[in-house]
Amino acid sequence: MNTRLMSLLQPRVFVAALTHRVVCPDGNTVSNEACCALFPVLEDIQTSMFADEDCSDAAHTALRVAFHDAIGFSNSNPSMGTGADGSIFIFAETELDFDANLGIADAFNLEAPFIAKHNISVADFIQFSAAVSLTKCPGILRPTFMFGRVDATFPAPDGTVPEPFHVDVLKSSQKTVDDILARMGDAGLTPAEVVALLASHSIAGADDVDPSLSGLPFDSTPSVFDTQFFVETQLRGTLFPGTGGNQGEVESAVAGVLRLQSDANLARDSATARLSGWQANVNNQALMASSFQQAFAKMQVLGQDVSKMVDCSEVILVPPILSASAAKAFSPPGLTHKDVPLDAPSDIWQCCYLFALPS
Ligand code: HEM
């Protein structure tokens, strides 16, 4: 008998993967009992805080505050905060006064009554709400969630949150991109991770940049997590959706869409624009979604000791799928590849031929 056949006839012991599951009081099962505490919070957030709405304003607000809380951290200066630590709400009277946190009071008003009801740390509540908010937006990959953040004992100082016109007060520099990348890098995020995280602006908008108008989206499809933001920010800016001349705003290419100065500059800077960053995301839903998922997981635990936390990712719901046709980038009406500025890096052209903008 041939040896391969003989080996197949040998008695084998099949070891089934034994995973111990815990049944929570509400009937859900989890692999770590600590995660049971999250189900009542999830239910409340879904049905009451987000009122069962899809990728809505409330969801966008919850995502933004998670970033503003987490970025209060520095690898070089402990006085810059302890990261994703809830300080933005715990010390709301201090942090919500900072210019960069304009509008975060909406998130505070939305979340504070729910935080008061549930017995988890403020830091966990903020990051959990953000993860849940993402599951409302088609196109997102299911976020992971680490549980067990320690709350802040002091506020983050002013200057930790980048602004669209970001100027490092210490250097008096005017270089938006350098300063934003330096601030994010100081907190532990690479330029590629900054670009990855900015995919969040695909489901975002501004209430306060143009004081005459609120709810101005950053791309023409703010209810889906698609690559359209990375397309539209590269196109030549020609108009303001409202009044011009607002700090942090530059001309956008699409009517009704607001373009942040920071997004415009990041889309054109050699550190972030080229194929490893901004342009690589164009029409590459899988790349954008997976790089965002990883960078977001890192952002959510900045400053925290992950070895003392529990992986409760299984509590997070599976987001709705974005169909292949909806995920396809498109040329905004009336615009063509000729609207990509000629002064942009030469490989910027590749973005637009990839999805065959009509000429
Ligand atoms: C790195 C530089 C960044 C800058 C300069 C920046 C700046 C801004 C500004 C000025 C707004 C508009 C606020 C308003 O007027 O209502 C905004 C909105 C928003 N940003 Fe960013 N952002 C950055 C990064 C991020 C990151 C990393 C995330 C999430 C991971 C994020 C998530 C959001 C969301 C979700 C909104 C919409 C909030 C809402 O609709 O209520 N941003 N951002």
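Residues numbered from 1 in each chain as written. Predicted model: local features only at pLDDT ≥ 70, side-chain atom pairs only at ≥ 80, totals over all residues.

## Comments concerning the overall build of the protein
- A tally of helices and strands in the protein yields 15 helices and 8 strands.
- Counting the 359 residues in the protein, one finds 44% classified as buried.
- Looking at the protein alone, contacts between residues at least 24 apart form 69% of all its contacts between residues at least 6 apart. (Helix = DSSP H or I, 4+ residues; strand = E, 2+ residues; numbered from the N terminus. Buried ≥ 20, exposed ≤ 12 C-beta atoms within 10 Å, placed from the backbone. Contact = placed C-beta atoms within 7 Å.)

## With respect to the confidence of the model for the protein
- A residue-level look at the protein finds 86% of positions with pLDDT of 70 or above and a mean pLDDT of 88.
- A low-confidence stretch, residues 5-9 (pLDDT under 50), is modelled with 1 contact involving residues beyond four sequence positions or located in other chains.
- A low-confidence stretch, residues 346-350 stays under pLDDT 50, and its non-local contacts, those more than four residues away or across chains, total 9 contacts. (pLDDT = per-residue confidence, 0-100.)

## Brief notes about the site of the ligand
- Close to the ligand lie 25 residues; His60, Ser200, Ala204, Ala206 and Asp208 are nearest.
- Taken together, the elements giving at least two residues each to the shell around the ligand come down to helix H3 (57-70), helix H9 (191-197) and strand S4 (205-206).
- Looking at the shell around the ligand element by element, the count peaks at 6 residues for H3.
- In terms of residue class, the shell around the ligand is made up of 12 nonpolar, 8 polar and 5 charged. (Near = placed C-beta within 6 Å. Nonpolar A, V, L, I, M, F, W, Y, C, P; charged D, E, K, R; others polar.)

## Observations regarding the nonpolar core
- In this structure, Ala62, Ala66, Ala70, Ile126 and Cys137 are the most contacted members of the largest nonpolar core, which totals 86 residues.
- It is helix H7 (residues 122-134) that contributes the most residues to this core, 9 residues altogether. (Core = buried A, V, L, I, M, F, W, Y, C linked by C-beta atoms within 7 Å.)

## A word on unusual backbone geometry
- The phi dihedral of Asn283 is positive, around 60 degrees, even though this residue is not glycine.
- Structurally, Asn283 is set in the loop between helix H12 (278-281) and helix H13 (285-300).

## Overview of the environment of Ala204
- Secondary-structure assignment places Ala204 in the loop between H9 and S4.
- By the C-beta count within 10 Å, which is 21 here, Ala204 ends up buried.
- Between the C-alpha atoms of Ala204 and Asp57, which are 147 residues apart in sequence, the distance is 8.2 Å.
- Leave out the neighbours within four places in its chain, and Ala204 touches His60, Phe218 and Pro222.

## Overview of H7
- Between its first and last C-alpha atoms H7 spans 19 Å; for 13 residues at 1.5 Å apiece the expected length is 18 Å, and the two agree.
- When you tally the buried positions in H7, you get 13 out of 13 residues, the bulk of the element. (Expected span 1.5 Å × (residues − 1).)

## Regarding H13
- Here H13 is 16 residues long and its end C-alpha atoms lie 22 Å apart, about the 22 Å a rise of 1.5 Å per residue gives.
- Within H13, burial applies to Met288, Ala289, Ser291, Phe292, Ala295, Phe296, Met299 and Gln300.
- Elements that come into contact with the buried residues of H13 comprise H3, H7, strand S3 (146-147), H9 and H12.

## Description of the environment of Ile45
- Following the sequence through the fold, Ile45 ends up in helix H2 (residues 38-49).
- Here the alpha-carbon distance between Ile45 and Ser133, two residues 88 residues apart in the chain, equals 8.9 Å.
- Apart from the residues lying within four places of it in its own chain, the contact partners of Ile45 are Phe50, Phe114, Ser129 and Val132.

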